[in-house]
Structure formats: structure tokens, C-alpha cells
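Chain by chain, the residues:
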Amino acid sequence: MPVEHRHSGGGPPPLSAGAGRLERVTRSDALPTSPPPVPRSSPFRHAETDRDAAPQFVLPLVVRIEKAAPPARTDALETAARAVLVLLSDERSTAEDGEWAEAVRDWQDARIRKVVRRARGAEWRRAQTLPGITLTGRAAPNSEGPAAEVRVFPPVPLDGWPKELAKLQVSGTDLDDPAPPPPPDPAGPILWLNPDVGMSAGKAMAQAGHGAQLAWWELDDAQRAAWREAGFPLAVRTAPAERWSALTASGLPVVRDAGFTEIAPGSCTVVADHPALRRP
């Protein structure tokens, strides 16, 4: 039967797609080392929980989309997922006295939300002046378009976005791949998207970030260190329709969306298929 992961303030929690639940069938205690006691409420549950009483925070991500030269969709999704991992592993987030540590802990104690906005030109340059981390992706093969650029910022209050980010648009993040992405490396981490759920690129970027974070929380310290030292390699691909049911039942972490935007509540959006989490 599914096992629900739990969290309280100090240690790394499972991730929320705004609100929903994480399903697993194995490794019910496979959190990183020495987490504190945790309540039963999950940041994935789309029903109301005690997390709703906590101040609500959001992790902002901004993708650069210039009118004349937008990035490829898959590159943007993969870059957003890596950006989340880089922020989570940054000493400013993990150190007890890190400058982002309190914001990250507060964000984890409530519904764990991510919002992707787009920027171009002067908007993008202004976003670069705020504390955060910019990641550059990889231009698609045989593409004249640029590599994706995504900047991730420490969590902010849900209703307290910096003005430089609050002005940016959530809509308009529709992106395409100039050619089908190559098959993913089966020996590497793969974030499988639900083939039956349509999402804008911005929505899919947030969901890919959720999946990457779920995998990160499930790994032990040595596995995390190895992934980080390798540069967080990963692929984001749409799952073959015939494999989706097996993936969601495999015991790998599953993102269930809260249904605040675009898709129905409780929809499975991503399966986080990290090699270290696969069954023997």
C-alpha cells in the first residue's frame, strides 16, 4: 500500500506540486540522515492539512524567453529541474546560518510551491540583480536557438514577491522542441512526464522541478554528493503511453498536482526515475 512521507521544520521534506501527495510502495523511512520527528500531514496532499495554517511561500523560477530566439522546450524543462537541485544543495540553503536557510525551511514547512515566470530583455537583466542562481542549459542538436537560461531564487512569501519578479508574466511560456529530443540515457536519472496530461512549458518546468526535488530527498548523503559532483545530469521526457501505468506503480516517487492551474487535482504529472531509487 502507498506510504506517505512526513516532515516538520528542520529536515528535508517531500515536495509538493502546490499541494498533493507523494506515493511510494517501498522504503517508507528512506529520508536523508537524522531528520527530526515529523507530523503525518504531507505537502503533497490536496486536502486541507495543518500545513495550510503555516505562512505560505513559493520558489520563484524565471526562464529567459526572447521573442526572436526562444529556447527549446526540453532544454528549459531540464534546466529548471537542475536549477532546483542546485539551490537545494547550495550552502546558502543548507548551512545552519546560510542566508537562504530560513526561507527554505519556512517554504518546506508549508505547501511547497514553485512558480515559473518568463522574462526578456531588460526584465531578464533586472531579475539577475536579485539574489539567486542562473543555470544555462544545452542548446538542442541541429537547432539555431539558444540554450535555455533559468534563474532560481530563494523562496518568497506567496503574496510578497519582489517587484522585479511580480511584474513578470506567468503566461506565454509555450515552447517547442525543434526536433524530437534524443532517447534518454537509461543509466541516468529520468523525469518521466505523464503522456496523457497536457501542460504549458512553464507548468511542466515547475513539475519537473518537483520531480527532481522528490528524487533528491529520497537519496542518501553519498548518493546526493555523487549526483551533485556529476553536475546533476538528468533527462526530462514524456513517458511512452504503454509504460506510464507501470512507472506510477513502480515504487518511484510520483508527483500529484494540486490542480490550482491547468490540470485536474490529483493528476499524476511526473515519475522521478533515479537509478539509485529503482528496484533491484
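Residues numbered from 1 in each chain as written. Predicted model: local features only at pLDDT ≥ 70, side-chain atom pairs only at ≥ 80, totals over all residues. Heavy atoms only, no water.

Visitor: Got a minute to help me understand helix α6 (residues 201–218) in this structure?
Guide: Since the α-helix packs 3.6 residues into each turn, any two residues three or four apart lie on the same face. Relative to the 26 Å expected for 18 residues at 1.5 Å per residue, α6 spans 26 Å between its end C-alpha atoms, a close match to the ideal helical length. In terms of residue burial, α6 counts as a mostly covered element, since 18 of its 18 residues are buried. (Helix = DSSP H or I, 4+ residues; strand = E, 2+ residues; numbered from the N terminus. Expected span 1.5 Å × (residues − 1). Buried < 20%, exposed > 50% of the residue type's maximum accessible area, 1.4 Å probe, protein only.)

Visitor: I tried to follow the pattern of salt bridges on my own but got confused; where do I start?
Guide: Between side chains of opposite charge, a pair can form as their charged atoms come close. Following the criterion strictly, the structure yields five salt bridges and no others. The partner of R64 in a salt bridge is E66, with the nearest N and O atoms 3.0 Å apart. You can call R64 partly exposed: its relative accessible area is 30%. On the basis of relative accessibility, which here comes to 22%, the residue E66 falls in the partly exposed class. (Salt bridge = Lys/Arg side-chain N within 4 Å of Asp/Glu carboxyl O.)

Visitor: Whenever I open this one, the packing of helix α1 (residues 73–89) against α6 confuses me. Can you help?
Guide: Think of two packed helices as two axes; the pair is described by the angle between the axes and how far apart they sit. Relative to each other, α1 and α6 sit at 40°, their axes nearing to 8 Å. With respect to α6, the axis of α1 lies oblique. For the element pair α1 and α6, the recorded crossing hand is right-handed. From α1, R73, A76, L77, A80, A81, V84, L85, L88 and S89 reach across to α6, where they touch A201, A204, M205, A208, G209, A212, Q213, W216 and W217. Of the residues that constitute the contact of α1 with α6, the class distribution is 14 nonpolar, three polar and one charged. (Axes fitted to C-alpha atoms, helices over the stretch in contact; angles between N-to-C directions. Parallel < 35°, antiparallel > 145°, perpendicular 65-115°, else oblique. Left-handed = near helix turned anticlockwise from the far one by under 90°. Contact = heavy atoms within 4.5 Å. Nonpolar A, V, L, I, M, F, W, Y, C, P; charged D, E, K, R; others polar.)

Visitor: Help me understand helix α3 (residues 101–109), please; the structure alone is not making it clear to me.
Guide: Among all positions of α3, only A101, V104, W107 and Q108 are buried. Projection of α3 onto a plane perpendicular to its axis shows the buried side chains occupying an angular sector of 130°, all on one side. (Arc of directions from axis to C-beta.)

Visitor: Is there a simple way to think about the environment of T134 in this case?
Guide: As for its placement among the helices and strands, T134 is situated in strand β4 (residues 133–136). Accessibility expressed as a relative area gives 28% for T134, which makes it partly exposed. Residues T134 and V86, 48 residues apart in the sequence, show an inter-C-alpha distance of 9.6 Å. Setting aside anything within four residues of it in sequence, one finds T134 in contact with W124, Q128, V150 and R151. Here the side chain of T134 touches R151 through a polar contact of 2.7 Å, side chain to side chain. (Polar contact = N/O pair within 3.5 Å; in protein donor to acceptor, adjacent residues only side chain to side chain.)

Visitor: Would you mind showing me how to read a positive patch on the surface here?
Guide: Among the surface-exposed residues, R125, R126, K163 and K167 lie close enough to one another that they form a single positively charged patch. Mapped onto the elements of the fold, R126 is located in helix α4 (residues 121–127). For R126, a relative accessible area of 43% corresponds to the partly exposed category. (Patch = residues over 30% accessible without salt bridge, like charges linked within 9 Å, V, L, I, M, F, W, Y side chains within 5 Å. Areas by Shrake-Rupley, 256 points an atom, 1.4 Å probe, with all protein chains shown as cover. Lys, Arg positive; Asp, Glu negative; His and termini not counted. Charge placed at Lys NZ, Arg CZ, Asp CG, Glu CD.)

Visitor: Before we go on, may I ask you to explain the nonpolar core in this structure?
Guide: Side chains that are nonpolar tend, in soluble globular proteins, to be buried together. Counting 58 residues, the largest nonpolar core has L61, L191, M205 and W227 as its most contacted members. Of all the elements, α6 adds the most residues to this core, at 10 residues. The contacts of W227, once residues within four sequence positions are left out, are L85, P189, A212, A215, W216, L219, F232, P233, L234 and H274. Grouped together as the second largest cluster of nonpolar side chains are 11 residues, V62, A127, L165 and L168 included. (Core = buried A, V, L, I, M, F, W, Y, C linked by side-chain atoms within 4.5 Å.)

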